[in-house]
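Notes for the structure review
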Amino acid sequence: MGRHLPCSIGRGGIRADKREGDGATPVGEHRITGMLYRPDRLPAPQPWAEPIRPGDLWSDASGDPDYNSHVRAPYPASFETLRRADPLYDIVLVTDWNEGGRPNEGSAIFLHQRRRPGYPTEGCVAFARADLIWLAQRVTPGARLIVRR
């Protein structure tokens, strides 16, 4: 779209052999498959965005049938909370890395807000809030995210 957006990547760098818990951002061409947002903090960036509700979670329990997917509380296995106290997940762009249940290959690979410039993620791609909002208002399902070393 003619604009460069600075971002942060995983503390484990960019890897072709991504594993659960390594903190790496997976190399490759990924597609945007969904968008989640906090309706109590901002309006829907797009009509296709889905609200993050209390009790929304993301399974990171490798080996569980729901591994690497959106689940609801109560959930007995390991998970990441989507409705966070901080603003990091006020907007979440979901990638196709999370589809197909890749056991032990890393879960919850999203595009989301960064903590601060230069601060790494746990494997996601993170942007300044204003840049993330700009992107979320323009991105379409199926848009490409290309991660290169």
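Here goes a summary of the coordinates provided. (Residues numbered from 1 in each chain as written. Predicted model: local features only at pLDDT ≥ 70, side-chain atom pairs only at ≥ 80, totals over all residues. Heavy atoms only, no water.)

This brings us to the nonpolar core. The biggest cluster of nonpolar side chains holds 18 residues, and the ones touching the most others in it are Met-35, Ile-91, Leu-93, Leu-111, Phe-127 and Leu-135. Elements with a contribution of two residues or more to this core: strand S4 (28-37), strand S9 (91-95), strand S11 (125-127), helix H1 (129-136) and strand S12 (144-147). Here the element with the most residues in this core is H1; it accounts for 4 residues. Membership of the second largest hydrophobic core comes to 11 residues, among which are Leu-88, Tyr-89, Val-94 and Cys-124. (Core = buried A, V, L, I, M, F, W, Y, C linked by side-chain atoms within 4.5 Å. Buried < 20%, exposed > 50% of the residue type's maximum accessible area, 1.4 Å probe, protein only. Helix = DSSP H or I, 4+ residues; strand = E, 2+ residues; numbered from the N terminus.)

Those residues of H1 that fall on the buried side of the exposure criterion are Asp-131, Leu-132, Trp-134, Leu-135 and Ala-136. For H1, the secondary structure elements touched by its buried residues are S4, S9, strand S10 (110-113) and S11. (Contact = heavy atoms within 4.5 Å.)

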